[in-house]
Amino acid sequence: MVDALYSSSTQAGLVAGFAALDIKTRIIGISDDNETEIKKSRVELLANNALRELGLDVRVTPQNIEIVPANTNAYGIADKEITDAIHLFASTEGLIADPVYEGRAIRGLLNLADEGRFDKDAKILLMHLGGSPAIHAYAEKFGTIQLRPFYCLCNTLLVP
(Lines give C-alpha, C1' and ligand atoms only; values in the text may rest on other atoms or scores of the structure.)
Protein backbone atom coordinates (compact mmCIF):
# COMPACT_ATOMS: atom_id res chain seq x y z
CA MET A 1 0.00 0.00 0.00
CA VAL A 2 1.14 3.51 -0.73
CA ASP A 3 -0.23 6.57 1.05
CA ALA A 4 0.66 10.28 1.17
CA LEU A 5 1.76 11.50 4.59
CA TYR A 6 1.05 14.71 6.39
CA SER A 7 -0.20 14.03 9.91
CA SER A 8 0.97 10.39 9.66
CA SER A 9 -2.28 9.14 11.19
CA THR A 10 -3.44 7.16 8.15
CA GLN A 11 -0.21 5.20 7.91
CA ALA A 12 -0.18 4.76 11.71
CA GLY A 13 -3.69 3.28 11.60
CA LEU A 14 -2.78 0.96 8.76
CA VAL A 15 0.44 -0.18 10.43
CA ALA A 16 -1.36 -0.74 13.76
CA GLY A 17 -4.24 -2.60 12.14
CA PHE A 18 -2.03 -4.88 10.08
CA ALA A 19 0.19 -5.55 13.14
CA ALA A 20 -2.87 -6.36 15.28
CA LEU A 21 -4.12 -8.79 12.65
CA ASP A 22 -0.60 -10.19 12.01
CA ILE A 23 -0.87 -9.42 8.29
CA LYS A 24 2.47 -9.13 6.52
CA THR A 25 1.80 -6.34 4.02
CA ARG A 26 4.22 -3.54 3.23
CA ILE A 27 2.79 -0.11 3.87
CA ILE A 28 4.90 2.65 2.35
CA GLY A 29 4.25 6.25 3.30
CA ILE A 30 5.14 8.92 0.75
CA SER A 31 6.19 12.05 2.59
CA ASP A 32 5.00 15.45 1.39
CA ASP A 33 8.42 16.83 2.39
CA ASN A 34 11.84 15.51 3.47
CA GLU A 35 10.89 15.00 7.12
CA THR A 36 10.84 11.22 6.84
CA GLU A 37 12.50 10.49 10.19
CA ILE A 38 10.17 12.83 12.09
CA LYS A 39 7.19 11.20 10.41
CA LYS A 40 8.53 7.70 11.05
CA SER A 41 8.70 8.48 14.78
CA ARG A 42 5.19 9.94 14.66
CA VAL A 43 3.79 6.86 12.89
CA GLU A 44 5.40 4.59 15.49
CA LEU A 45 4.03 6.66 18.39
CA LEU A 46 0.50 6.92 16.97
CA ALA A 47 0.35 3.24 15.98
CA ASN A 48 1.54 2.04 19.38
CA ASN A 49 -0.82 4.41 21.19
CA ALA A 50 -3.72 2.98 19.18
CA LEU A 51 -2.66 -0.60 19.93
CA ARG A 52 -2.29 0.23 23.64
CA GLU A 53 -5.69 1.95 23.69
CA LEU A 54 -7.22 -1.19 22.20
CA GLY A 55 -5.64 -3.28 24.94
CA LEU A 56 -3.46 -5.24 22.52
CA ASP A 57 0.03 -6.46 23.44
CA VAL A 58 1.49 -6.20 19.94
CA ARG A 59 3.69 -3.18 19.16
CA VAL A 60 5.25 -1.79 16.00
CA THR A 61 8.92 -0.93 15.70
CA PRO A 62 10.78 1.39 13.32
CA GLN A 63 11.46 -1.68 11.16
CA ASN A 64 7.70 -1.94 10.52
CA ILE A 65 7.54 1.60 9.13
CA GLU A 66 8.73 2.73 5.71
CA ILE A 67 8.52 6.34 4.59
CA VAL A 68 10.08 7.80 1.44
CA PRO A 69 9.93 11.34 0.06
CA ALA A 70 8.15 11.97 -3.24
CA ASN A 71 10.88 14.45 -4.15
CA THR A 72 13.10 17.05 -2.52
CA ASN A 73 10.78 20.04 -3.02
CA ALA A 74 9.57 21.96 -0.01
CA TYR A 75 6.00 21.44 1.14
CA GLY A 76 3.44 22.74 -1.38
CA ILE A 77 5.91 23.23 -4.24
CA ALA A 78 4.72 21.36 -7.33
CA ASP A 79 7.31 20.71 -10.02
CA LYS A 80 6.98 19.20 -13.50
CA GLU A 81 7.47 15.65 -12.17
CA ILE A 82 4.48 16.03 -9.87
CA THR A 83 2.24 17.71 -12.46
CA ASP A 84 3.23 15.05 -15.03
CA ALA A 85 2.26 12.35 -12.53
CA ILE A 86 -1.09 14.07 -11.98
CA HIS A 87 -1.68 14.23 -15.76
CA LEU A 88 -0.83 10.52 -16.07
CA PHE A 89 -3.17 9.59 -13.21
CA ALA A 90 -6.02 11.68 -14.63
CA SER A 91 -5.61 10.36 -18.18
CA THR A 92 -5.23 6.69 -17.22
CA GLU A 93 -7.38 6.37 -14.10
CA GLY A 94 -9.84 9.23 -14.56
CA LEU A 95 -9.13 10.59 -11.07
CA ILE A 96 -8.01 14.06 -10.05
CA ALA A 97 -5.12 14.53 -7.64
CA ASP A 98 -3.77 17.66 -6.01
CA PRO A 99 -0.07 18.63 -6.14
CA VAL A 100 0.36 18.91 -2.36
CA TYR A 101 -0.57 15.38 -1.18
CA GLU A 102 -2.09 12.97 -3.69
CA GLY A 103 0.09 14.14 -6.59
CA ARG A 104 3.13 13.48 -4.42
CA ALA A 105 1.82 10.03 -3.53
CA ILE A 106 1.48 9.25 -7.24
CA ARG A 107 4.97 10.64 -7.95
CA GLY A 108 6.36 8.58 -5.06
CA LEU A 109 4.66 5.43 -6.37
CA LEU A 110 6.12 6.03 -9.84
CA ASN A 111 9.57 6.57 -8.28
CA LEU A 112 9.30 3.29 -6.37
CA ALA A 113 8.24 1.46 -9.53
CA ASP A 114 11.10 3.03 -11.51
CA GLU A 115 13.51 1.85 -8.80
CA GLY A 116 12.24 -1.73 -9.18
CA ARG A 117 10.86 -1.84 -5.63
CA PHE A 118 7.88 -4.03 -6.56
CA ASP A 119 7.72 -7.60 -7.80
CA LYS A 120 6.33 -7.93 -11.30
CA ASP A 121 3.16 -9.63 -10.02
CA ALA A 122 2.74 -7.38 -6.95
CA LYS A 123 -0.68 -6.06 -6.07
CA ILE A 124 -0.35 -2.37 -5.21
CA LEU A 125 -2.96 -0.14 -3.65
CA LEU A 126 -2.51 3.62 -3.87
CA MET A 127 -4.68 5.28 -1.25
CA HIS A 128 -6.25 8.42 -2.70
CA LEU A 129 -7.66 10.32 0.26
CA GLY A 130 -9.02 13.36 -1.51
CA GLY A 131 -7.46 16.76 -1.91
CA SER A 132 -8.99 17.46 -5.31
CA PRO A 133 -10.20 20.98 -4.37
CA ALA A 134 -6.58 22.03 -3.75
CA ILE A 135 -5.79 21.58 -7.45
CA HIS A 136 -7.50 24.90 -8.21
CA ALA A 137 -4.71 26.77 -6.43
CA TYR A 138 -2.26 25.25 -8.94
CA ALA A 139 -4.31 25.81 -12.12
CA GLU A 140 -1.47 27.70 -13.87
CA LYS A 141 0.69 24.55 -13.66
CA PHE A 142 -1.63 22.57 -15.90
CA GLY A 143 -1.94 24.75 -19.00
CA THR A 144 -5.01 25.21 -21.16
CA ILE A 145 -7.83 22.72 -20.80
CA GLN A 146 -8.20 20.57 -23.90
CA LEU A 147 -11.73 19.17 -24.18
CA ARG A 148 -12.10 16.10 -26.35
CA PRO A 149 -15.19 14.24 -27.55
CA PHE A 150 -16.28 11.48 -25.21
CA TYR A 151 -18.57 8.71 -26.43
CA CYS A 152 -20.52 6.39 -24.17
CA LEU A 153 -21.02 2.72 -25.07
CA CYS A 154 -24.11 3.65 -27.07
CA ASN A 155 -22.04 6.07 -29.24
CA THR A 156 -23.97 9.12 -28.06
CA LEU A 157 -21.85 12.24 -28.03
CA LEU A 158 -21.66 13.53 -24.45
CA VAL A 159 -19.12 16.36 -24.72
CA PRO A 160 -18.54 18.12 -28.05
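Everything numeric in this text was worked out from a predicted model, so none of it was measured.

Student: So what about the nonpolar core? Which residues, and what values?
Tutor: Judged by nonpolar contacts, the single largest core of 13 residues is most densely connected at Leu 14, Val 15, Ile 27, Val 43, Ala 47, Val 60 and Ile 65. The set of elements that each furnish at least two residues to this core consists of helix H1 (9-20) and helix H2 (36-53). For this core, the leading source of residues is H1, giving five residues. The next biggest cluster of nonpolar side chains, apart from the first, holds eleven residues, and it includes Ala 78, Ala 97, Val 100 and Ile 135.

Student: Please give an account of the pairing of strand E2 (residues 28-31) that cites residues and values.
Tutor: Side chains of E2 alternate between two faces, with Ile 28 and Ile 30 and Gly 29 and Ser 31 buried alike. As judged from the four bridges shared by E2 and strand E3 (residues 66-69), these two strands associate in the parallel manner. In the strand pairing of E3, Gly 29 is matched with Ile 67. Regarding topology, H2 serves as the crossover connection from E2 to the parallel E3, and that connection is right-handed.

Student: Can you tell me about the side chain of Asn 48, naming the residues and giving the values?
Tutor: Along the chain, the position of Asn 48 falls in helix H2. One polar contact links the side chain of Asn 48 to the main-chain amide nitrogen of Val 60, over a distance of 2.7 Å. Those residues in contact with Asn 48, other than ones at most four positions away along the chain, are Arg 59 and Val 60.

Student: Describe the side chain of Gln 11, naming the residues involved and giving the relevant values.
Tutor: Note that Gln 11 resides in helix H1. Reaching out from Gln 11, the side chain makes a polar contact with the backbone oxygen of Glu 66 at a distance of 3.1 Å.

Student: Can you explain the layout of surface pockets? Please cite residues and give values.
Tutor: The calculated volume of the second largest pocket comes to roughly 290 Å³. Every residue lining the second largest pocket is counted, 16 residues in all, and those nearest its centre are Val 15, Ile 23, Lys 24, Thr 25 and Asn 64. Of the residues forming the lining of the second largest pocket, the biggest block, three residues, is contributed by H1. Here the lining of the second largest pocket is composed, by residue class, of eight nonpolar, three polar and five charged.

Cut-offs applied
Sequence order as written defines the numbering, with residues in each chain counted from 1. Where totals are concerned, whole chains, interfaces and linings use all residues; where local detail is concerned, this predicted model gives features only for residues with pLDDT of at least 70, and gives and counts side-chain atom pairs only at 80 or more. Where side-chain values are given, they derive from all heavy atoms of the structure, hydrogens and water being excluded. By convention a nonpolar core is built from buried Ala, Val, Leu, Ile, Met, Phe, Trp, Tyr and Cys residues, the set being connected through side-chain atoms within 4.5 Å. Three exposure classes are used, based on accessible area relative to the maximum for each residue type with a 1.4 Å probe and protein chains only: buried under 20%, partly exposed in between, and exposed over 50%. Only DSSP runs of H or I reaching four residues or more are called helices, and only runs of E reaching two or more are called strands; each is numbered from the N terminus. Pairing between strands is defined by DSSP: at least two bridges between the two strands are required. Throughout, right-handed denotes a crossover for which the path from the first strand over the helix to the second runs clockwise when the strands point away from the viewer. As used in this structure description, the phrase polar contact means that two N or O atoms lie within 3.5 Å; if the pair is within protein, one of them must be able to donate a hydrogen and the other to accept it, and residues adjacent in sequence are counted only when both atoms belong to side chains. In this analysis, two residues are considered to be in contact whenever any of their non-hydrogen atoms come within 4.5 Å of each other. Points on a 1 Å grid, built from protein atoms alone, make a cavity when a 1.4 Å probe fits but cannot get out and make a pocket when they are open with protein on both sides within 12 Å along at least 5 of 7 lines; residues with an atom within 4 Å of a point are the lining residues. Grid points are joined across faces, edges and corners, and a volume is the space filled by probe spheres set on the points. Side-chain classes follow a simple rule in which Ala, Val, Leu, Ile, Met, Phe, Trp, Tyr, Cys and Pro form the nonpolar group, Asp, Glu, Lys and Arg form the charged group, and the remainder, Gly included, forms the polar group.

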